[in-house]
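Examination of the molecular architecture
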Amino acid sequence: MPATLPTPIEFRLPEGWLPAGPDRPDAEHAAFVAVHPRPDAGFTATIAIDGERLPDGATPAHLADESVERLRELAVSVDVTDRREVGTAEAPALTQRLAFSAVVDGALRDLVQSQVYLFVSDVEDVRKQAVIRLILTASVAQHDTVLRDFQEFVRTVRPDTGAGL
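If you're wondering where the values come from, they're calculated on a predicted model, not measured in any experiment.

Within the chain, the secondary structure is distributed over two helices and nine strands. Reading the chain from its N terminus to its C terminus gives the helix and strand order β-β-β-β-α-β-β-β-β-α-β. Counting all 165 residues of the chain, 43% fall into the buried class. Expressed as a percentage of contacts within the chain between residues at least 6 apart in sequence, the contacts between residues at least 24 apart total 53%. Counting only carbon and sulfur atoms, one obtains 50% of the accessible surface of the chain, whose full area is about 9,100 Å².

The structure is reproduced here in structure tokens:
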């Protein structure tokens with residue numbers, strides 16, 4: 001994958017999900033992409049990971065808004081159907097769900113994207129903050145089925161301290 005994360009993390013993929021190669025179009029800006037083993041009507045659900053150093057003054061909502069705007073550049077339509085700030089003061093997080101239509105492989109598809117933003121301290125310099133974004137993209141029909149896998153995956157994500165999962 002061409003992108004790298006601002007701080008190392010470790011995670012465990014849900015059973016059956018497979019790491020994707022860097023040649024996938026949706027892997028262009030990701031540090032990691034995994035694919036579901038069973039496509040739905042020709043669309044393969046993905047879990048992607050990307051991240052960045054937290055820009056000065058950036059809020060969780062600001063970063064989520066930027067993500068929506070980036071998706072609007074690629075999609076026919078985008079609706080934010082849910083957004084919540086979660087976590088704690090020490091470990092803030094934000095979740096949002098987007099419904100959108102986009103042309104994929106020549107066909108217009110109705111898709112859902114669940115995003116989780118995790119705000120973490122750099123393991124080498126705790127004064128530096130980073131945001132790790134975890135993204136599930138699936139067809140409308142398959143989203144609720146693979147959402148449990150995504151939630152399981154999110155629970156395993158943590159800073160990589162070298163201790164292993």
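A few words on the packing of aromatic side chains. Following the criterion strictly, the structure yields three aromatic pairs and no others. Plain terms: the ring middles of F11 and F153 are 5.5 Å apart, the flat faces sit at 70 degrees to each other, and that makes the pair edge-to-face. Taken together, the residues span a long stretch of sequence, with F11 in the loop between β1 (9–10) and β2 (18–19) and F153 in helix α2 (residues 140–156) at a distance of 142 residues. Among the aromatic residues, those joined into a cluster by ring pairs are F11, F32, F150 and F153.

Locating H29 in the fold gives a position in the loop between β2 and β3 (32–35). Judged by its relative accessible area of 60%, H29 falls in the exposed class. In sequence terms H29 and D50 are 21 residues apart; their C-alpha atoms lie 7.2 Å from each other.

The subject of this paragraph is the sheet that holds strand β5 (residues 77–87). In space, the seven strands of this open sheet follow the order β2-β3-β4-β8-β7-β6-β5, with antiparallel pairing throughout. Lying at the two open borders of the sheet, with one neighbouring strand each, are β2 and β5. For β5 and strand β6 (residues 92–104), the ladder comprises 10 bridges, and the chain directions are antiparallel. Bridge pairing in β6 links V86 to A93.

Bringing a nonpolar patch on the surface into the picture now. Residues V76, V103 and L108 make up a contiguous nonpolar surface patch of roughly 320 Å² in combined accessible area. The class of L108 is exposed, set by a relative accessible area of 57%.

Working definition: two side chains of opposite charge can pair if their charged atoms are close together. The final tally for this structure, using the stated rule, is four salt bridges. Two residues, D50 and R133, come together in a salt bridge whose shortest N-O distance is 2.7 Å. Of this pair, D50 sits in strand β4 (residues 46–53) while R133 sits in strand β8 (residues 129–139), and the two are 83 residues apart along the sequence. Classification of R133 as buried rests on a relative accessible area of 11%. For R72, the salt bridge goes to E69, with nearest N and O atoms at 2.7 Å. Here R72 and its partner E69 are both found in helix α1 (residues 60–74), three residues apart, which amounts to about one turn of the helix.

It is a general feature of regular strands that their side chains alternate between the two faces of the sheet. Across the 11 residues that make up β8, a large majority, 10, are buried. The pairing of β4 with β8 spans eight bridges and is classified as antiparallel. Looking across to β8, one finds that D50 is bridged to R133. Here strand β7 (residues 107–121) pairs with β8 via 11 bridges, running antiparallel. Within the sheet, the bridge partner assigned to V112 lies in β8 and is A138.

What counts as what
- For every chain, the first residue of the written sequence is number 1, and numbering continues from 1 onward in sequence order.
- Side-chain atom pairs in this predicted model are given and counted only at pLDDT of 80 or more, local residue features only at pLDDT of at least 70, and totals for whole chains, interfaces and linings cover all residues.
- As a rule here, side-chain values cover all heavy atoms of the structure and leave hydrogens and water aside.
- Numbering of helices and strands starts at the N terminus; helices are DSSP runs of H or I of at least 4 residues and strands are runs of E of at least 2.
- Each residue gets one of three labels from its accessible area relative to the maximum for its type: buried under 20%, exposed over 50%, partly exposed in between, using a 1.4 Å probe on protein chains only.
- Two residues form a contact once any of their heavy atoms are found within 4.5 Å.
- Residue-level accessible areas treat just the shown protein chains as cover; the underlying method is Shrake-Rupley with a 1.4 Å probe.
- Any Phe, Tyr or Trp ring, taking Trp's six-membered ring, that has another such ring centre within 6.5 Å forms a pair; planes under 30 degrees apart are called stacked, those over 60 apart edge-to-face, and the others tilted.
- Two strands qualify as a pair provided that DSSP identifies no fewer than 2 bridges between them.
- Patch rule: a residue counts if its relative accessible area is over 30% and it has no salt bridge; like charges are joined within 9 Å, and nonpolar side chains (Val, Leu, Ile, Met, Phe, Trp, Tyr) within 5 Å.
- Any carboxyl oxygen of Asp or Glu within 4 Å of a side-chain nitrogen of Lys or Arg constitutes a salt bridge here.

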